[in-house]
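Examining the three-dimensional arrangement
One letter stands for each residue in the lines below.
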Amino acid sequence: MNIGNIQFRHGLFLAPMAGITDHAFRSVCVACGAEGVTTELVSAKGVYYGDKKSEILAKINNNERPAAIQIFGSEPNIMAYAAKTLSRYNPEYFDINMGCPVPKLVKNGEGSALMRSPDLCERIVYAVANAVSVPVTVKIRKSCDDFDEDSAVKVATACEKGGASAIFVHGRTRSQMYTGVADKTVIARVKSAVTVPVIGNGDINSYESYLAMKQETGCDGVMIGRGAYGSPWVFSQIIAGINGEEYTQPTVAEKKEILLKQFDMVVKEKGMNGIREFRHHLLQYCKGFHGSAKLRKEISLLTTPKSVLDAIDAVFV
Ligand SMILES: Cc1cc2nc3c(=O)[nH]c(=O)nc-3n(C[C@H](O)[C@H](O)[C@H](O)COP(=O)(O)O)c2cc1C
């Protein structure tokens, strides 16, 4: 599948997850087979008002390409200004967040609240697409309001009209947040309604769930979030399945190598500040290991690079 003229061999995308998908994790996922990644969400207003923290999130390293910068906001001109400004980080494409359920954004008419106004979604996409020279995609949910069954179809067609090059669809409503089962029928309905590629998202964590998403929706690609958290090798598992190859989980030594690589990048990039965030990753990597409950407590107390490395050595033997 393509986004504009960028080719994605299998259409395997890492989902943006604020606080999780930093440079280190994104590049580890790319090394494991993810073909496209997205930055954590960047506030268009923040960029407009010159907030440096917002811009830092938009940086992309060369080992995580192709990559999209995801922006959020509700005002077409500010969104366009932000995208134009962030073009200096050379994303392969921009993605517009139309799915975030966090009350702080929704109250401002941003994130999933945009889905209440397909017309505004179209104007935002149009403004951003005309401000930048790379493709623009949108990431939507099933709906913002539970009663609005056809919301995703209306918003997707409006975004296509505005110039979107692909539509990412997470099959949950705003009120579901990340709970319950993602609805694949809504992804199938969006796929039938638009001509641009549709990428299905929600609950994929194996080749089998990838296949179910593809077969039940007809989607062109898939996006994986929590299924890759602590298991970035889910991408290689899916690629093995696509190629009809037998897949064996990475050995403990291989898992250790991946997470050491990630930790090394985190420390180089964020120094001591990265340790707190990395602890959450480490917990995910340790899921299912013998004595997980005790480990959970120990990991939450790690504060230095040496203590993290010692903990990794103690678990991954
Ligand atoms: C902790 C967390 C942070 C997230 N942050 C973002 C975000 O910044 N932008 C976005 O579009 N979606 C965000 N999402 C939603 C995911 O991209 C994805 O749509 C959702 O997790 C469903 O996919 P999954 O079942 O594969 O995890 C976030 C999800 C989680 C769990």
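Residues numbered from 1 in each chain as written. Predicted model: local features only at pLDDT ≥ 70, side-chain atom pairs only at ≥ 80, totals over all residues.

Focus on the domain arrangement of the protein chain
Assigned domains within the protein chain: domain 1 (2–242) and domain 2 (252–315). One C-alpha centre belongs to domain 1, the other to domain 2; they are set 28 Å apart. Each partner contributes to the interface: domain 1 provides 10 residues, whereas domain 2 provides 11 residues. Residue classes in the side of domain 1 that touches domain 2 are distributed as five nonpolar, four polar and one charged. (Domains from an automatic or database assignment. Contact = placed C-beta atoms within 7 Å. Nonpolar A, V, L, I, M, F, W, Y, C, P; charged D, E, K, R; others polar.)

As for the site of the ligand
The environment of the ligand is formed by 23 residues, the closest being Ala15, Met17, Leu41, Gly225 and Arg226. Across the shell around the ligand, the residue classes tally to 10 nonpolar, nine polar and four charged. (Near = placed C-beta within 6 Å.)

Digging into the packing of helix α8 (residues 184–193) against helix α9 (residues 207–217)
Where α8 meets α9, the closest approach of the two axes is 8 Å, and the angle between their N-to-C directions is 50 degrees. Classified by the angle between their axes, α8 and α9 sit oblique to one another. Regarding α8 and α9, the two cross each other, and that crossing is right-handed. Contacts from Lys184, Ile187, Ala188 and Lys191 in α8 reach Met213, Glu216 and Thr217 in α9. Classifying every residue of the contact of α8 with α9 by side-chain character gives three nonpolar, one polar and three charged. (Axes fitted to C-alpha atoms, helices over the stretch in contact; angles between N-to-C directions. Helix = DSSP H or I, 4+ residues; strand = E, 2+ residues; numbered from the N terminus. Parallel < 35°, antiparallel > 145°, perpendicular 65-115°, else oblique. Left-handed = near helix turned anticlockwise from the far one by under 90°.)

Considering the nonpolar core
Formed by 94 residues in total, the largest nonpolar core has its most connected members in Cys29, Ile71, Val125, Val128, Ile167, Val222 and Phe235. Here the element with the most residues in this core is helix α6 (residues 118–131); it accounts for seven residues. Two domains each put at least three residues into this core: domain 1 (2–242) and domain 2 (252–315). Ignoring sequence-local partners within four residues, the contact set of Ile71 consists of Val42, Ala44, Met79, Ala82, Ala83, Phe94, Ile96 and Asn97. (Core = buried A, V, L, I, M, F, W, Y, C linked by C-beta atoms within 7 Å. Buried ≥ 20, exposed ≤ 12 C-beta atoms within 10 Å, placed from the backbone.)

Re the pairing of strand β9 (residues 166–173)
Summarising burial for β9: eight of the eight residues are buried, a large majority. Going residue by residue along β9, you find Ala166, Phe168, His170 and Arg172 tucked away on one face and Ile167, Val169, Gly171 and Thr173 tucked away on the opposite face as well. Across six bridges, the pairing between strand β8 (residues 136–143) and β9 is parallel. The residue bridging Ser143 from the neighbouring strand is Thr173, located in β9. This β-α-β element, β8 to helix α7 (residues 151–162) to β9, shows right-handed connectivity. For β9 and strand β10 (residues 198–201), the ladder comprises four bridges, and the chain directions are parallel. Its bridge partner being in β10, His170 is matched across the sheet by Asn201. At this point the chain moves from β9, through α8, to the parallel β10, and the crossover so formed is right-handed. (Pairing = 2+ DSSP bridges. Right-handed = clockwise from strand over helix to strand, strands pointing away.)

Description of unusual backbone geometry
Glycine aside, a negative phi is what most residues show, and trans is what most peptide bonds show. Cis geometry is found at the peptide bond from Arg65 to Pro66, where omega equals 0 degrees. Assignment of secondary structure puts Pro66 in the loop between α3 (52–56) and β6 (67–72). One non-glycine residue, Met177, adopts positive backbone phi at about 50 degrees. Relative to the elements of secondary structure, Met177 occurs in the loop between β9 and α8. With 11 C-beta atoms packed within 10 Å, Met177 lands in the exposed category.

Describing the pairing of β8
Counting buried residues along β8, eight of its eight residues qualify, which places the element largely inside the surrounding structure. Relative to β8, strand β7 (residues 93–98) is paired through five bridges, and the arrangement is parallel. Counterpart to Asp95 in the pairing with β8 is Thr137.

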